[in-house]
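Results of the structural survey
The lines below spell out each chain.
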Amino acid sequence: MDRFESILDESISALQAGVPIEEILAETPDYAQELRPLLYAAMVLADPDPTLVPSERKEILRDQYLAQAAELTPKVPTLNDKTQAVLSIVRRRFTKKAFLNDLVTISITLSLTLIMAMLILSFASRNSIPGDFLYSVKRISENIRLSVTLNQDSLNALEDNFHRERLIEIEQLTQQNRAAVVEFEGTLDTQGENLWVVEGITVFLPEEGLTIDSNPQEGDRIKVTGFLRTDTVLVADQITKAEVNSP
Amino acid sequence: MEDELSLLERIKRHDQQALAEVHDRYFNQIYHYINYRLGDSDASADLAGEVFLALINALKRNKPPKTSLSGWLYAVARNLTADHIKQKVTTVPLFDDIVADSPSLTDHVYMAQLAPALKQALLELTEEQQHVIALRFGQGLSLADTAKLMDKSVGAVKALQHRALASLARLMPKEVHQDG
């Protein structure tokens, strides 16, 4: 029924535009029989040349109207009128459709702004080192890149890159004599009593407050978390065996 | 031309110039609407005059149209027309009374003869259907504008239009039901 009603309305529009009825029916042969009487009724009902009120009569009615209108005292808008006027604009603005349009626009704008901000922050944080304001952004963007990389080879390559980046950061901190909490992965080269050398970095093992998991041996790949002091000594807090990347 | 909302705000302040503009802008439309439904130009002119006096009375009572000036005027015109129709005794037209030597759908005279009878047959429709027909075919309004004036969905107006035309078509002479 909805389809027929739409066809009927399109046919009426064509009729009002001057298209002959039989031509309209020829375009819709499946509905022609049902449409024909309705379109003829529509054609007969159309009022293309409506009669006008005689101008004298219209003038009399206008004068009567204006005489009544003259009895109205002009109103200076009160604060309440102004408030109502503003509210009526607001009500018109906040229809369901306008609200949904606004919601979509705001959502898209916010999403784009957020994405732009993340890209800018990610770019700005690329040279940060531990202790910098943007360093956490750098690590978050690295984690996002890891989580969206599905190919195993690409993932391994990316992880290797980030491990190298940690070593470079420690080197930069050392050069700048800065203290910071650091974390890195590397091969355990030498294993002394209180000093280990991991990937060329000397790590001090304090007697208290250190956790070592899985009894790592020389040649193992380990993950070290600790505090790099300004005297360039790295005091370990936690040492664990690193997960070996699958080939 | 000033938009309807600004005009409405001005008549709420009883601005005389705006009130005159309302009459000049809408009188003919309202008269056509009423005359289409009544087919009586004298009575239609009187009722159209009443519609505009009703506007003044509404302003006096501090109950002006809220959001749509034209919607308000058409609503008053619709009510006054419906009341007027109720007071009149009407008869169902007989299309068979319309005589033509050789009835043909291409005969404009014959088709023109059908118009008054079909308009008279409008009175057999529901008041809402009459309103839709008057707005769509008398005023030539689009479906969307009709729906807005009636505060209904476009789909609802389509359905009303369909039912009204189908009812009227049943009253039309047999020629229009046959493949031309």
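The shown structure was predicted, so the numbers you read here are calculated from the model rather than taken from an experiment. (Residues numbered from 1 in each chain as written. Chains lettered and ligands numbered in written order. Predicted model: local features only at pLDDT ≥ 70, side-chain atom pairs only at ≥ 80, totals over all residues. Heavy atoms only, no water.)

**Digging into the overall build of chain B**
For chain B, the helix and strand inventory stands at eight helices and zero strands. Listed by position from the N terminus, the elements making up chain B come as α-α-α-α-α-α-α-α. In chain B, buried positions account for 51% of the 180 residues. Considering only contacts within chain B whose residues lie at least 6 apart along the sequence, 59% involve residues at least 24 apart. Carbon and sulfur atoms provide 50% of the accessible area of chain B, an area that totals close to 8500 Å². (Helix = DSSP H or I, 4+ residues; strand = E, 2+ residues; numbered from the N terminus. Buried < 20%, exposed > 50% of the residue type's maximum accessible area, 1.4 Å probe, protein only. Contact = heavy atoms within 4.5 Å. Areas by Shrake-Rupley, 256 points an atom, 1.4 Å probe, with all protein chains shown as cover.)

**Focus on the overall build of chain A**
Regarding its fold elements, chain A presents eight helices and six strands. Reading the secondary structure of chain A in the N-to-C direction produces α-α-α-α-α-α-α-α-β-β-β-β-β-β. By the compact-globule yardstick of 18 Å for 247 residues, chain A is too spread out, its C-alpha radius of gyration being 40 Å. Residue burial in chain A is summarised as follows: out of 247 residues, 30% are buried. (Rg over C-alpha atoms; globule rule 2.2 N^0.38 Å.)

**Things to note about the side chain of A:Ser125**
Residue and element names in this part refer to chain A. Note on placement: Ser 125 falls in the loop between α6 (96-124) and α7 (135-148). The exposure class of Ser 125 is buried, given its relative accessible area of 0%. If sequence neighbours within four positions are ignored, Ser 125 has contacts with Leu 134, Val 137 and Lys 138.

**Some thoughts on the domain arrangement of chain B**
Residue and element names in this part refer to chain B. Domain assignment breaks chain B into domain 1 (4-87) and domain 2 (95-177). Together domain 1 and domain 2 conceal approximately 1200 Å² of surface at their shared face, both sides included; 60% is due to carbon and sulfur atoms. On the domain 1 side of the interface with domain 2, the three residues burying the most area are Tyr 36, Arg 37 and Arg 78, jointly 58% of the side's total. Counting the contacts that link domain 1 with domain 2 gives two salt bridges. Seen at the junction of domain 1 and domain 2, the total is six residue pairs in polar contact (both at pLDDT 80 or more). Every element with two or more residues in the side of domain 1 that touches domain 2 is listed here: α2 (16-38) and α4 (69-87). Among the elements that take part in the side of domain 1 that touches domain 2, α4 stands out by supplying six residues, more than any other. Residue composition of the side of domain 1 that touches domain 2, grouped by class: five nonpolar, four polar and two charged. (Domains from an automatic or database assignment. Buried area = accessible area lost by both parts, 1.4 Å probe. Salt bridge = Lys/Arg side-chain N within 4 Å of Asp/Glu carboxyl O. Polar contact = N/O pair within 3.5 Å; in protein donor to acceptor, adjacent residues only side chain to side chain. Nonpolar A, V, L, I, M, F, W, Y, C, P; charged D, E, K, R; others polar.)

**Focus: the interface of chain A and chain B**
Each partner contributes to the interface: chain A provides 43 residues, whereas chain B provides 54 residues. Buried area between chain A and chain B, summed over both chains or domains, comes out near 4300 Å², and the portion from carbon and sulfur atoms is 62%. The three residues of chain A that bury the most area against chain B are A:Leu45, A:Tyr65 and A:Leu72, which together make up 18% of that side's buried surface. At the surface where chain A touches chain B, the tally comes to five salt bridges. Its salt-bridge partner being A:Arg57, residue B:Asp46 comes within 2.2 Å of it at the nearest N-O pair. Viewed at the interface, chain B and chain A are joined by 16 residue pairs in polar contact (both at pLDDT 80 or more). Mapped onto the side of chain A that touches chain B, the elements with two or more residues apiece are α1 (2-16), α3 (32-45), α4 (55-70) and α5 (79-93) of chain A. For the side of chain A that touches chain B, the per-class residue count stands at 25 nonpolar, six polar and twelve charged.

**Considering the pattern of salt bridges**
Side chains that differ in sign of charge can pair as their charged atoms come close. Residues and elements named next belong to chain A. Summed over all chains, the structure comprises 23 salt bridges over all chains. In this structure, the salt-bridge partner of Arg 36 is Glu 22, at a minimum N-O distance of 3.4 Å. In this pair, Arg 36 is assigned in helix α3 and Glu 22 in helix α2 (residues 21-27), connecting sequence segments 14 residues apart. With a relative accessible area of 32%, Glu 22 lands in the partly exposed category. Each of Lys 138, Arg 139, Glu 142, Glu 165, Arg 166, Glu 169 and Glu 183 takes part in a single network of salt bridges with overlapping partners.

**Notes on the domain arrangement of chain A**
According to the domain assignment, chain A contains domain 1 (2-45) and domain 2 (178-241). Put simply, the middle of domain 1 of chain A and the middle of domain 2 of chain A, counted by C-alpha atoms, are 87 Å apart.

**Observations regarding the pairing of strand β2 (residues 195-198) of chain A**
All names here are of chain A. Alternating positions in β2 separate cleanly, Trp 196 and Val 198 being buried on one face and Leu 195 and Val 197 remaining unburied on the opposite face. Two strands pair when backbone bridges link them, and strand β1 (residues 180-191) and β2 are joined in this way by three bridges, in the antiparallel orientation. Bridge pairing in β2 links Thr 190 to Val 197. Here β1 folds back onto β2, and the loop between the two strands holds three residues. Across four bridges, the pairing between β2 and strand β3 (residues 201-204) is antiparallel. What sits directly across from Val 198, in β3, is Ile 201. The antiparallel hairpin formed by β2 and β3 contains two residues in its connecting segment, where Glu 199 sits at a positive phi of about 50°. (Pairing = 2+ DSSP bridges.)

**A look at α1(A)**
In a regular helix each residue adds 1.5 Å, so 15 residues correspond to 21 Å; α1(A) covers 21 Å between its end C-alpha atoms and thus fits that length. Those residues of α1(A) that sit buried are A:Phe4, A:Glu5, A:Ile7, A:Leu8, A:Asp9, A:Ser11, A:Ile12 and A:Leu15. Against the buried residues of α1(A) lie α2 and α3 of chain A together with α6 (127-138), α7 (143-150) and α8 (154-171) of chain B. Just past α1(A), the residue A:Gly18 takes up positive phi, approximately 100°. (Expected span 1.5 Å × (residues − 1).)

**Comments concerning the packing of aromatic side chains**
Applying the stated criterion to the full structure yields four aromatic pairs over all chains. Measuring from centroid to centroid gives 5.9 Å for A:Phe4 and A:Tyr31, while their planes differ by 40°, and the two rings are tilted. Placement of the pair is A:Phe4 in helix α1 and A:Tyr31 in the loop between α2 and α3, with a sequence separation of 27 residues. Summarising the aromatic geometry, the rings of A:Tyr65 and B:Phe52 are spaced 5.9 Å apart at their centres and angled 85° between planes, so their arrangement reads as edge-to-face. Linking A:Tyr65 in helix α4 with B:Phe52 in helix α3 (residues 41-60), this pair reaches from one chain into another. (Phe/Tyr/Trp six-rings, centres within 6.5 Å; stacked < 30°, edge-to-face > 60°.)

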